[in-house]
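Here is how the chains run, residue by residue.
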Amino acid sequence: SPHSHPFFYHPLSTMSTVLIIGATGYIGNAVARAFRREGVKVYGLTRSAAKAGTLAGAEIIPLIVSDPLNTDSYKKELAEADVIVNCGADYTFSIQDKLIAAINAATKSDKAASTKKVYIETSGCLCHGHNEKVVTENEDSPTDSPIMLGRREA
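Residues numbered from 1 in each chain as written. Predicted model: local features only at pLDDT ≥ 70, side-chain atom pairs only at ≥ 80, totals over all residues. Heavy atoms only, no water.

### Some details on the pairing of strand E3 (residues 61-64)
- Across four bridges, strand E2 (residues 41-46) lies against E3 in parallel orientation. Residue pairing in the sheet places Leu45 in a bridge with Leu63 of E3.
- Crossover handedness for the path E2 to helix H2 (residues 49-57) to E3: right-handed. (Pairing = 2+ DSSP bridges. Helix = DSSP H or I, 4+ residues; strand = E, 2+ residues; numbered from the N terminus. Right-handed = clockwise from strand over helix to strand, strands pointing away.)

### Overview of the environment of Thr17
- Inspection of the secondary structure puts Thr17 in strand E1 (residues 17-21).
- For Thr17, a relative accessible area of 3% corresponds to the buried category.
- Beyond its immediate sequence surroundings of up to four residues, Thr17 is in contact with Val40, Lys41, Tyr43, Glu80, Ala81, Asp82 and Val83.
- At 3.4 Å, the side chain of Thr17 forms a polar contact with the side chain of Glu80. (Buried < 20%, exposed > 50% of the residue type's maximum accessible area, 1.4 Å probe, protein only. Contact = heavy atoms within 4.5 Å. Polar contact = N/O pair within 3.5 Å; in protein donor to acceptor, adjacent residues only side chain to side chain.)

### Concerning the confidence of the model for the protein
- Of the residues in the protein, 63% reach a pLDDT of 70 or more, and the chain-wide mean stands at 77.
- Throughout residues 5-9 the model reports pLDDT below 50, and contacts reaching past four residues in sequence, or to other chains, amount to two contacts. (pLDDT = per-residue confidence, 0-100.)

### Notes on the pairing of strand E4 (residues 83-86)
- Alternating residues of E4 divide into Val83 and Val85 and Ile84 and Asn86, and every residue in both groups is buried.
- Across four bridges, the pairing between E1 and E4 is parallel. Following the sheet pairing, Ile21 is matched in E4 by Asn86.
- Strand direction decides the pairing type here: E4 and strand E5 (residues 118-121), joined by four bridges, are parallel. In the sheet register, Val83 faces E5, and the bridge partner there is Val118.

Dropping the structure here:
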């Protein structure tokens, strides 16, 4: 059983609700399905109404949100979730701060909350190239592209 592993310190049985941002993506969908297999209630945030049906078919509650940066559009689910997992692709690197602020606000507004929320950020890969039309993955790619410079200044 995965729950008997000595390094498993947060049994899923203590979690009642999970919110997955980017639940229809490659990583997010696998994460959402894994939580569902453990019997956890899962909200799956997606920007695509067309992909929401696949979430519902896997017993994941779809949340269709056109702009995940607008955390007000899913603040009820953020407040309800014990665990928030960000698997969404955000190449402006601006969603993390907004999510953490919204989670903190939800935690402060819930005076009866006896536990803190868990926030998990998945890693991603950003490839940058020498122009806007061609993205390359070689050692000759400049490190002063606008996206990379913007990230370093933050």
